[in-house]
Amino acid sequence: MKIKVRVSHEEDTKYAFLICKKIEESAKIRGTGISKKDPEYIKLIIIHGNAVIAFCDEKLAGFSYLETFQNEEFVVNSGLIVFPEFRKQGLAKIIKIEIFKLSRKKFPNSKIFSITTSNPVIKINTELGFKPVSFSELTHSEKFWKGCQSCANFDILTRNQRKMCLCTGLLYNSNTDNKKKDKNYLSIGDKKDKNYLSIGDKIVLAYSGGLDTSYCLKYLIQKKYEVHTVIINTGGFKKDELDQIEKRALSIGSKSHKTIDAIEEYYQNCIKYLIFGNILKNNTYPLSASSERIFQAIKIAQYATYIQAKAIAHGSTGAGNDQIRFDIAFQIICPEKITFSPIREMKVSRKEEIEYLKNKGVSICWDKAKYSINKGIWGTSIGGKETLTSYHDFPEEAYPTKLKRKKSENLELEFEKGELVSVNQEKGKATKNIIKIEQIASEFAIGRGIHIGDTILGIKGRIAFEASAAIIIIKAHHLLEKHILTKWQLYWKEQLSNWYGMLLHEAQYLDPVMRDIEKFLKSTQERLTGTVDIILYPYRFHLVGIKSKFDLMTSSNMTAKYGEMNYAWTAEDVKGFSKIFSNQMKMYHNLNNKKKEE
């Protein structure tokens, strides 16, 4: 017999009437217990994921749910039912354990209680850490106690002024020493951390194959969790590199490893708008790593939900931006899952990570890597000892790509409605074109820089980067815009683009205002079609000019050229315009001069 017990979802509302019927039938047979439940109320509980449902050989076999009272101070585990044909299979215990786990996960600070006349249920609760208590220690909520009205023994409860009945009150208090007595409980982080995980629980680890995530993987395996690693490729890895990362994860002990390609999704949902907005953080940095993280986090959260993991772990430290980006995305997309970072929670140093891995037999030369490198389709960020100071220059040898070409070369980019459609007259998808430009321009060592910015946590950060494709595309696109868009389009684009870049950097991508800004940016690109000619040199590039049928400099209606003779207006027109245009300034200065004379 194949048994499956899981958390409820909306599609399970179809079982509500049958569940209520079975609860009523069971109560009549026992002669005690709550006999009637409102199917519509049970549907709401099911929709909110506050129930667990059991299946035997894909047939509905059992049910239990939770409710909260007194502003979530108390959580009750109630409505436990196993259909008669599936009893004596140990199913009641499995359901009871799962509803208990669900209660602790969703309401870690609440007291969990149950009232029952069933000796087997009392035994199961006791094994989980519940203690028999008087009813006075349970919730005082009138709503809860009114729910007992359908029980045959409600008059006993009433006569005793709710102090006692045939039921036994059982209470699990997460604020007592229950955690210390629970052998399966392992705390994550410091003693103040109220999240919990049990031995064997499934965890998804965001795994890049580097030191930090390899440490996390080994540590979590040592703690006897079931760890599944996942890497999200946003354009920074070749196939052989991804294969090596998978081998490393499996060799360390990952239960499974998944590589998810998100390059096209990353472009369509983010890079495209970074180009539309000509976005460079502090007029310098193309948001290479910071824009990637949110999409990696989204895909990780989706994967964790797909494989029904209980928690998601990542390798962020406590001082950077990425921890915020990961945590926020996970909290929004899968709020029911525990999120944590062992390195952040335990404040582990790089030296301690290396020593730990060596002691556990993971013999990779981590200490030889002087620089941390994060590469993606939109650029590469590099951190090292030089970026920890304000005055050290970043050495030539630290940049991943080296200068290979010294003779200048022409480059032509073509845009259609703001999107890059061809490179040197060869059509291709935007992502392929970005990669092609990077391959050409990186050999000129173009796009290098050092960015100094404000972190989400308020401290200053300094990183080196190389992003030849991103810098060239943004600058070429901006030049095309300056020829095609109106003065006020350019002005307001710059204002909103700055906000878009800042909000993206600070982990606010999922705020709906970002979709609003994207609609505005997209609307400005309707006429943004044309080609841009560029010359590449070692370490730099030169924007030559543009060609576009929408170029406002070559409009057929234009009968005047800047600095030259015109036929669109007369000298008298200009004099009149200047007189009116300066009117308010003249009034101000006339009044100001009179005050000075007085």
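The structure we're discussing is the one just above.
Residues numbered from 1 in each chain as written. Predicted model: local features only at pLDDT ≥ 70, side-chain atom pairs only at ≥ 80, totals over all residues. Heavy atoms only, no water.

A. View of the overall build of the protein chain. Scanning the protein chain from N- to C-terminus turns up 20 helices and 23 strands. Its C-alpha atoms give the protein chain a radius of gyration of 32 Å, clearly above 25 Å, the size a compact globule of 598 residues would have. In terms of principal-axis extent, the alpha carbons of the protein chain reach across some 105 × 70 × 55 Å. Across the 598 residues in the protein chain, those meeting the buried criterion constitute 48%. Taking the intrachain contacts of the protein chain between residues at least 6 apart in sequence as the baseline, contacts between residues at least 24 apart amount to 70%. With an accessible surface of roughly 31900 Å², the protein chain has 52% of that area assigned to carbon and sulfur atoms. Counting 93 positive and 69 negative side-chain charges, the protein chain places the centres of these two groups 4 Å from one another. (Helix = DSSP H or I, 4+ residues; strand = E, 2+ residues; numbered from the N terminus. Rg over C-alpha atoms; globule rule 2.2 N^0.38 Å. Buried < 20%, exposed > 50% of the residue type's maximum accessible area, 1.4 Å probe, protein only. Contact = heavy atoms within 4.5 Å. Areas by Shrake-Rupley, 256 points an atom, 1.4 Å probe, with all protein chains shown as cover. Lys, Arg positive; Asp, Glu negative; His and termini not counted. Charge placed at Lys NZ, Arg CZ, Asp CG, Glu CD.)

B. Fine view of the packing of aromatic side chains. For the coordinates displayed, the defined rule picks out 23 aromatic pairs. Summarising the aromatic geometry, the rings of Phe-100 and Tyr-172 are spaced 5.0 Å apart at their centres and angled 80 degrees between planes, so their arrangement reads as edge-to-face. Here the residue Phe-100 occupies a position in helix α3 (residues 91–106), and Tyr-172 occupies one in strand β7 (residues 168–173), the gap between them amounting to 72 residues. Given the relative accessible area of 5%, Phe-100 is considered buried. (Phe/Tyr/Trp six-rings, centres within 6.5 Å; stacked < 30°, edge-to-face > 60°.)

C. Here's a closer look at the nonpolar core. Membership of the largest hydrophobic core comes to 74 residues, with the highest contact counts inside it found for Ile-300, Trp-378, Leu-413, Ile-472 and Ile-473. Looking at which element gives the most residues to this core, the answer is helix α16 (residues 468–484), with 10 residues. Setting aside its immediate chain neighbours within four residues, Ile-300 contacts Val-204, Ala-206, Val-230, Ile-232, Ile-312, Phe-326 and Phe-330. Residues Cys-20, Val-75, Phe-83 and Ile-124 belong to the second largest nonpolar core, which totals 38 residues. (Core = buried A, V, L, I, M, F, W, Y, C linked by side-chain atoms within 4.5 Å.)

D. Representation of the packing of helix α10 (residues 263–276) against helix α11 (residues 288–306) in the model. Relative orientation of the contacting elements α10 and α11 amounts to 150 degrees, with a least axis distance of 10 Å. Considered as vectors, α10 and α11 are oriented roughly antiparallel to each other. For the element pair α10 and α11, the recorded crossing hand is right-handed. Packed against α10, whose contacting residues are Glu-265, Tyr-266, Asn-269, Cys-270 and Leu-274, the element α11 presents Ser-288, Ser-291, Glu-292, Phe-295 and Lys-299 at the interface. (Axes fitted to C-alpha atoms, helices over the stretch in contact; angles between N-to-C directions. Parallel < 35°, antiparallel > 145°, perpendicular 65-115°, else oblique. Left-handed = near helix turned anticlockwise from the far one by under 90°.)

E. Quick look at unusual backbone geometry. One non-glycine residue, Asp-57, adopts positive backbone phi at about 50 degrees. With respect to the element layout, Asp-57 can be found in the loop between β2 (51–56) and β3 (59–69). Residue classification places Asp-57 among the partly exposed positions, given a relative accessible area of 45%. Of note, Asn-278 is a non-glycine position whose phi angle comes to about 50 degrees, a positive value. Relative to the assigned elements, Asn-278 resides in the loop between α10 and α11. When its relative accessible area of 15% is taken as the criterion, Asn-278 is described as buried.

F. Structural detail: a nonpolar patch on the surface. Judged by side-chain polarity, Met-1, Ile-3 and Ile-94 come together as a nonpolar surface patch covering roughly 250 Å² of accessible area. With respect to the helices and strands, the residue Ile-94 is situated in helix α3. Taking relative accessible area as the criterion, Ile-94 reaches 32% and is therefore assigned partly exposed. (Patch = residues over 30% accessible without salt bridge, like charges linked within 9 Å, V, L, I, M, F, W, Y side chains within 5 Å. Salt bridge = Lys/Arg side-chain N within 4 Å of Asp/Glu carboxyl O.)

G. Expanded view of the sheet that holds strand β18 (residues 419–423). Pairing in this open sheet of five strands is antiparallel, and the strands run β19-β18-β17-β22-β23 from one edge to the other. The sheet terminates laterally at β19 (426–427) and β23 (540–547), the two strands that pair on one side only. Sheet topology places β18 next to β19; two bridges connect them, and they run antiparallel. Of the residues in β19, the one forming a bridge with Ser-422 is Lys-427. Relative to the sheet, helix α15 (residues 430–441) contacts β17 (409–416), β18, β19 and β22 (530–537), its axis offset from that of β18 by approximately 55 degrees. (Pairing = 2+ DSSP bridges.)

H. Quick peek at the environment of Trp-378. Mapped onto the elements of the fold, Trp-378 is located in the loop between β15 (372–376) and β16 (379–383). For the pair Trp-378 and Phe-100, spaced 278 residues apart in sequence, the C-alpha to C-alpha distance is 46 Å. Apart from residues lying up to four places away in sequence, Trp-378 is in contact with Tyr-266, Ile-271, Leu-274, Ile-275, Pro-286, Leu-287, Ser-288, Ile-434, Ala-467, Ala-470, Ile-473 and Ile-474. Within the local environment of Trp-378, its side chain forms a polar contact with the backbone oxygen of Pro-286, the two atoms lying 3.1 Å apart. (Polar contact = N/O pair within 3.5 Å; in protein donor to acceptor, adjacent residues only side chain to side chain.)

I. Looking closely at α10. Along α10, the helix axis deviates most sharply at Cys-270, where the bend reaches about 40 degrees. The buried count for α10 comes to 10 of 14 residues, which makes it a mostly enclosed element. Within α10, the full set of buried residues consists of Ile-263, Tyr-266, Tyr-267, Cys-270, Ile-271, Lys-272, Tyr-273, Leu-274, Ile-275 and Phe-276. In the segment just after α10, Asn-278 is the residue with positive phi, at about 50 degrees. (Bend = angle between axes of the 7 residues up to and from the residue.)

J. Spatial organisation of the pattern of salt bridges. If you walk through the whole model with that rule in mind, you get 27 salt bridges. A salt bridge links Lys-43 to Glu-40, with the nearest nitrogen and oxygen atoms 3.4 Å apart. Of this pair, Lys-43 and Glu-40 both sit in helix α2 (residues 39–47), three residues apart, roughly one helical turn. You can call Lys-43 partly exposed: its relative accessible area is 21%. Here Arg-344 makes a salt bridge to Glu-345, at a shortest N to O gap of 3.0 Å. Members of the salt-bridge network, linked through shared partners, are Glu-292, Arg-293, Asp-322 and Arg-325.

K. Examining the side chain of Ser-141 more closely. With respect to the secondary-structure elements, Ser-141 resides in the loop between β6 (131–133) and α5 (142–146). Given the relative accessible area of 15%, Ser-141 is considered buried. Leaving out residues up to four positions away in the same chain, Ser-141 has contacts with Phe-69 and Gln-70.

L. The packing of helix α19 (residues 571–581) against helix α20 (residues 583–597), seen in detail. Interaxial distance between α19 and α20 falls to 5 Å at its minimum, and their mutual angle equals 50 degrees. Between α19 and α20, the interaxial angle falls into the category oblique. Residues Lys-579, Ile-580 and Phe-581 of α19 lie in contact with α20, whose contacting residues are Asn-583, Met-585 and Lys-586. Partitioning the contact of α19 with α20 into residue classes produces three nonpolar, one polar and two charged. (Nonpolar A, V, L, I, M, F, W, Y, C, P; charged D, E, K, R; others polar.)

M. The environment of Ser-548, seen in detail. Structurally, Ser-548 is set in the loop between β23 and α19. Judged by relative accessible area, which is 14%, Ser-548 ranks as buried. Taking C-alpha positions, Ser-548 is 8.1 Å from Ile-484, a pair spaced 64 residues apart along the chain. Apart from the residues within four sequence positions on either side, Ser-548 is in contact with Leu-480, Ile-484, Thr-529, Gly-530 and Thr-554. Here the side chain of Ser-548 touches Thr-529 through a polar contact of 2.5 Å, landing on its backbone oxygen.

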